[in-house]
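# Coordinates in review
One-letter residues, chain by chain:
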Amino acid sequence: MSDINKLNGDYEVNYVLQVHLGDAIWSQTLIKELSNGKPIIWGTESQFVEGLQRAYPDVFWIDVKALNPDYQHFKIDCIIGGVRVIPIGHSNAIMKVPYKEVMKAKYDMYSMDWKTWKDTMYKRDFGRERRLYEELGLEYGEKYNLINNRFRSDESGVVDIKLENNYKNIQMKNIKGYSLFDWSYVVENATEIHTVGSSINYILELLELKTDVIHLYKRLPDENHYHNYDYILKRHKYIFH
């Protein structure tokens, strides 16, 4: 473990500098190891707070806008006013590696094996998952395509995914009262999964799936490749489109 994790001095709480949903899922094992048993405050985008709080109840999730904005500028692990700032949001810059290694770099900063990210599973609300399944009009045992064609935190990125089969199409979207984690049962039981690279990739890697293959699509026009995250996709077979 890096010496940077030996900050056992006079601080009361950990503040994690990393706001995006996928990064939050990816970094759970890392932050729990670094926390030294002290409380964790994690600033994230407001639309993710409720879902993350249910999925990881041991962390105090808060709208990042409610936190001291000065923390956003720190690119060193340090203690400020009794708060330890853990700057994994700047991992690739701190480690001086290409952006394509940004996920791996969060763990490399602290000499941890990035493959341990899967050691921490989110808490599932099975009742809520089943309610969503039924609200989507699905019948148990029914064959369907699960389609996720949106990316970016505000879902402003959209990829055109056209399918030619006879299965029902279930389009992932924001539904009031449900988070990405509550789609887990729908994800597990899909006959085919077609998704652009997004936070769902981390959910897919943590779940057992009914389908044998996941169809993955580029985040056009933002990226015309998969280099920023393809190395973490280990659990299932992926077809890259």
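Our structure is the block above this text.
Report on the accompanying structure.

About the cut-offs
- Residues numbered from 1 in each chain as written.
- Predicted model: local features only at pLDDT ≥ 70, side-chain atom pairs only at ≥ 80, totals over all residues.
- Heavy atoms only, no water.
- Helix = DSSP H or I, 4+ residues; strand = E, 2+ residues; numbered from the N terminus.
- Rg over C-alpha atoms; globule rule 2.2 N^0.38 Å.
- Contact = heavy atoms within 4.5 Å.
- Core = buried A, V, L, I, M, F, W, Y, C linked by side-chain atoms within 4.5 Å.
- Buried < 20%, exposed > 50% of the residue type's maximum accessible area, 1.4 Å probe, protein only.
- Salt bridge = Lys/Arg side-chain N within 4 Å of Asp/Glu carboxyl O.
- Polar contact = N/O pair within 3.5 Å; in protein donor to acceptor, adjacent residues only side chain to side chain.
- Pairing = 2+ DSSP bridges.
- Axes fitted to C-alpha atoms, helices over the stretch in contact; angles between N-to-C directions.
- Arc of directions from axis to C-beta.

Looking only at helices and strands, one finds 8 helices and 12 strands in the protein. Against the compact-globule benchmark of 18 Å for 241 residues, the protein has a radius of gyration of 19 Å, which places it among compact chains. For the protein, the spread of C-alpha atoms along the three principal axes comes to 60 × 35 × 30 Å. Contacts spanning at least 24 positions in sequence make up 63% of the contacts within the protein whose residues lie at least 6 apart.

I25, I31, L146, F181, W183, V186 and V187 are the most contacted members of the largest nonpolar core, which totals 60 residues. The element best represented in this core is helix α8 (residues 200–206), accounting for 5 residues. Once residues within four sequence positions are removed from consideration, I25 is found in contact with Y56, W117, F181, S199, Y202, I203 and L206.

A word on the pattern of salt bridges. Taken as a whole and assessed by the stated rule, the structure comprises 14 salt bridges. As a salt-bridge pair, R54 and D182 come within 2.6 Å of each other at their nearest N and O atoms. With R54 in helix α3 (residues 49–55) and D182 in the loop between β9 (168–171) and α7 (184–188), the pair connects residues that are 128 residues apart, well separated along the chain. Taken together, the shared-partner salt bridges connect E50, R54 and D182 into one network.

What follows concerns the environment of H225. Topologically, H225 is positioned in the loop between β11 (213–217) and β12 (237–240). Measuring from C-alpha to C-alpha, the distance between H225 and F240 comes to 9.4 Å, with 15 residues separating the pair along the chain. Polar side-chain contacts of H225 include one of 3.1 Å to the backbone nitrogen of H227.

Right, let's talk about the sheet that holds strand β10 (residues 192–196) for a bit. On the basis of which strands lie adjacent, the open sheet formed by 5 strands has the order β9-β6-β10-β11-β12 and parallel pairing. The open sheet has two edge strands with one neighbour each: β9 and β12. Across the sheet, the axes of successive neighbouring strands diverge by a mean angle of 25°, strand direction being ignored. With 4 bridges connecting them, strand β6 (residues 144–148) and β9 associate as parallel partners. Residue pairing for β9: N145 is matched across the bridge by N169.

Glancing now at the side chain of E129. The topology assignment puts E129 in helix α6 (residues 126–135). E129 sits in the buried class, given a relative accessible area of 1%. Within the structure, the side chain of E129 is placed 3.2 Å from the backbone nitrogen of Y185, a separation counted as a polar contact.

Our focus in this paragraph is the sheet that holds strand β1 (residues 13–16). Strand order in the open sheet made by the 5 strands is β3-β2-β1-β5-β4, with mixed pairing throughout. Looking along the sheet, the strands with just one partner apiece sit at the ends: β3 (60–63) and β4 (78–80). Within the sheet, the average angular offset between the axes of one strand and its neighbour, ignoring direction, is 30°. Alignment of strand β2 (residues 40–44) against β3, held across 4 bridges, turns out to be parallel. The residue of β3 that forms the bridge with G43 is I62.

Residues of α6 that are buried: R128, E129, L132 and Y133. Within α6, the buried residues cover an arc of 145° as seen down the axis, which keeps them to one side. Those residues of α6 that are exposed and angled more than 90 degrees off the buried face are F126 and E135. Elements that come into contact with the buried residues of α6 comprise α3, β6 and α7. One or two positions beyond α6, positive phi appears at G137, with a value near 80°.

A few words now on the side chain of Q18. As for its position among the elements, Q18 is in the loop between β1 and α1 (21–26). There is a polar contact of 2.9 Å between the side chain of Q18 and the side chain of K106. Not counting chain neighbours up to four residues away, the residues in contact with Q18 comprise D23, W42, G43, I88, G89 and K106.

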